[in-house]
Every structure is written in C-alpha cells, then in structure tokens.
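One letter stands for each residue in the lines below.
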Amino acid sequence: MTAQPHPGTPSGGHTPPPTGHSALAAGGATFAGVLLLLNGILAIFQGISAIAKDDVYARVGDYVYKVNLTGWGWILLILGVIAAVAGGGILSRAAWARAVGIALASLSLIAQFLFLPYQPLWSIIVMAIDVFVIWALASHQPETARR
C-alpha cells in the first residue's frame, strides 16, 4: 500500500526544496546588497586611513606576505568604491550588479585575507560577510530571470 499524496503537494507528498525565487533568497540578496554597500563604504574609510598615514595600522606578528600599507590602502579604496556602487545596483535590482557583487565579494575576501596581519579580527568579520554576500547573490534568481 502506498501513501497517497496530500492535495496541493507534488506527487509523493513531499514539498519541493526552496528555490532561488523564495522569500529567503530574495531577502538574502537584498541584505547582501546592503552589506556590500556598507562593506564598500567601510573599505573606503579603511583605505583612506591606510593611505593618509602609513603607521595607522600596526603589524601583528610576522606574515608571509609583505605588502606596502599604502598600496593596500589604494587597493581597498578602489575596491570599496566599486563595491559601494555594486551594492547600490543590487538594491536597485540592476541586472549587472549580481555578477559584479559576487566578483567584488570574492576580491574582497582575498584582500581581507592579505590584510590579516594589520587588523586580524576585523578581517575575519569582513571575510565572513563576503562569504554570505557570495552565497546570497549566487542563490537568488530575480523575477526577470524566469521570463
């Protein structure tokens, strides 16, 4: 004897897994846009402070990657400006913004890894935010993609 499916559910009586069109995915993408915008603004400030004064950040221990702090300041400043623009694009539902947001969050993840000797706790926090942004933007499928 087989179990009869409940009316309104697909055959087999199981509910389908959540899709990229679910409210969770849409909310996650919106939150990722906000995080990307704020992450960009904070990276701008982080970059400006590194450019303005090369001794603002103290190196914590010895590290494999020896990078000039002023150079990292410019990298963070440029990535921050682009990330803030992409975050605004995601919030305005621009089609190009999702791909740019994923690429920038990936670059930010690498940049924060290399920034670990200067601000270890902050870098780890921003790396976790970047992972969430990548997941949220990659899993969300906006309404325009279904047409």
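Rules behind the numbers
Residues numbered from 1 in each chain as written. Predicted model: local features only at pLDDT ≥ 70, side-chain atom pairs only at ≥ 80, totals over all residues. Heavy atoms only, no water. Phe/Tyr/Trp six-rings, centres within 6.5 Å; stacked < 30°, edge-to-face > 60°. Helix = DSSP H or I, 4+ residues; strand = E, 2+ residues; numbered from the N terminus. Buried < 20%, exposed > 50% of the residue type's maximum accessible area, 1.4 Å probe, protein only. Expected span 1.5 Å × (residues − 1). Polar contact = N/O pair within 3.5 Å; in protein donor to acceptor, adjacent residues only side chain to side chain. Contact = heavy atoms within 4.5 Å.

- The name given to the protein in an unreviewed UniProt entry is DUF7144 domain-containing protein, with Streptomyces eurythermus as the source organism.

## A closer look at the packing of aromatic side chains
Move 1: In the structure shown here, the tally under the stated rule is two aromatic pairs.
Move 2: Between F31 and F132, the aromatic rings sit 5.6 Å apart at their centres with planes inclined by 65°, giving edge-to-face as the arrangement. Residue F31 is found in helix α1 (residues 23–52), and its partner F132 is found in helix α4 (residues 120–139); the two are separated by 101 residues along the sequence.
Move 3: Its relative accessible area of 45% is what places F31 among the partly exposed residues.

## Focus on helix α3 (residues 95–114)
Move 1: Taking 1.5 Å per residue, 20 residues should reach 28 Å; α3 reaches 30 Å between its end C-alpha atoms and fits that length.
Move 2: Those residues of α3 that sit buried are A97, G101, L104, A105, S108, A111, Q112 and L114.

## Some thoughts on the side chain of S123
Move 1: Checked against the element boundaries, S123 lands in helix α4.
Move 2: Residue class for S123 comes out buried when judged on its relative accessible area of 0%.
Move 3: Within the structure, the side chain of S123 is placed 2.9 Å from the backbone oxygen of Q119, a separation counted as a polar contact.
Move 4: The contacts of S123, once residues within four sequence positions are left out, are Q112, F115 and L116.

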